[in-house]
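Report on the structure
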Amino acid sequence: MWSIAELKSRGKQAFRANYWQSVAVSFVMAIFAGGTASAASNRVQSTTSEVTVEGAGVSPEQAAFLAAVVLGVIFTVGIVGSIVHALLANPIEVGGRRFFEKNANDPTTQFNTMFEGFQDYGRVLVTMLIRDVFILLWTLLLIIPGVMKAYSYRLVPYLVKDRPELSPMEVLAESETLMRGNRWQAFVMDLSFLGWLLLGVVTLNLGNIFWTNPYMNATDAALYQELTGRA
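Bear in mind the structure is a predicted one, so any value in this text is a computation, not a measurement.

What counts and what doesn't
Residues numbered from 1 in each chain as written. Predicted model: local features only at pLDDT ≥ 70, side-chain atom pairs only at ≥ 80, totals over all residues. Heavy atoms only, no water. Patch = residues over 30% accessible without salt bridge, like charges linked within 9 Å, V, L, I, M, F, W, Y side chains within 5 Å. Areas by Shrake-Rupley, 256 points an atom, 1.4 Å probe, with all protein chains shown as cover. Salt bridge = Lys/Arg side-chain N within 4 Å of Asp/Glu carboxyl O. Helix = DSSP H or I, 4+ residues; strand = E, 2+ residues; numbered from the N terminus. Buried < 20%, exposed > 50% of the residue type's maximum accessible area, 1.4 Å probe, protein only. Axes fitted to C-alpha atoms, helices over the stretch in contact; angles between N-to-C directions. Parallel < 35°, antiparallel > 145°, perpendicular 65-115°, else oblique. Left-handed = near helix turned anticlockwise from the far one by under 90°. Contact = heavy atoms within 4.5 Å. Core = buried A, V, L, I, M, F, W, Y, C linked by side-chain atoms within 4.5 Å. pLDDT = per-residue confidence, 0-100.

Observations regarding a nonpolar patch on the surface
The grouping of Phe 27, Ile 31, Phe 32, Ile 83, Val 84, Leu 87, Leu 88, Phe 115 and Phe 118 at the surface amounts to a nonpolar patch, some 720 Å² of accessible area in total. Put simply, the parts of the chain that give the nonpolar patch at least two residues each are helix H2 (19-54) and helix H3 (60-103). No other element matches H3, which puts four residues into the nonpolar patch. The exposure class of Ile 83 is partly exposed, given its relative accessible area of 46%.

Structure (structure tokens):
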């Protein structure tokens, strides 16, 4: 069984050896991972607030119409956000993971490596979309199965680039195979960063930007290399 302390040590060493590139890649990954959801949430809250203010003293018919407008906005924002996530955020994630995987062995890896997620774009798009749909469906059943499935598919962003001979479904299956028996250990590894994440909150997210996020991403790449024998 692999050691959490060892992987974290390897991850820290790798990202510190190429510090600013690692920080920049992690920053872009974080923006695309959270930007869509944040924008959607802000838009829905804004619309809801407007309806609440304007809805005072309206008739039942007007209230029903306004409620329909809110639901329509929520649905539209959700659809648009999902499309943007699939077209942009997922390839950025793949490219970011690619950067940290390469950086583990080559501290001169450059920022533009993260744009490799847009190479073989159709296959990356389909594979990551299937991953997201499967995780969503399992989450709709119960939260815990969704979390477990997310850990099963943790290596998909790496495998989709490293194993171009595999179909999207084969990539997902390979990730499940590699993570079998390792999901709990990976979960504990993620929990070990909780203190750093809390420190990031205290520092207005500066700690996460300049330390925790690249540290976690580099450690995650070390996990992938460990499980695939690439270390």
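Moving on, there is more to tell.
Topic: the packing of helix H9 (residues 194-202) against helix H10 (residues 206-228)
Two numbers describe how H9 lies on H10: the axes approach to 7 Å, and their chain directions differ by 160°. Accordingly, the angle class assigned to the pair H9 and H10 is roughly antiparallel. Handedness of the H9/H10 crossing: left-handed. Each of Trp 196, Leu 197, Gly 200 and Val 201 in H9 lies in contact with H10, whose residues at this interface are Leu 206, Gly 207, Asn 208, Trp 211, Thr 212, Tyr 215 and Met 216.

Structural notes on the nonpolar core
Within soluble globular proteins, side chains that are nonpolar tend to cluster in buried spots. The biggest cluster of nonpolar side chains holds 37 residues, and the ones touching the most others in it are Trp 2, Phe 100, Leu 155, Met 189 and Leu 223. Contributing elements (two or more residues each) for this core: helix H1 (4-17), H2, H3, helix H4 (121-141), helix H6 (156-162), helix H7 (168-179), helix H8 (183-191) and H10. If you tally residues by element for this core, the top one is H10, at seven residues. Beyond its immediate stretch of four places on either side in the chain, Leu 155 contacts Ser 175, Leu 178, Met 179, Tyr 224 and Leu 227.

Let's talk about the confidence of the model for the protein
Confidence in the prediction of the protein, expressed as mean pLDDT, is 87, and 85% of residues score 70 or more. Of all secondary-structure elements in the protein, the lowest mean pLDDT belongs to H2, at 67, while H7 reaches the highest, 98. pLDDT under 50 marks residues 36-55. Its contacts with residues more than four places away, or in other chains, come to 14 contacts.

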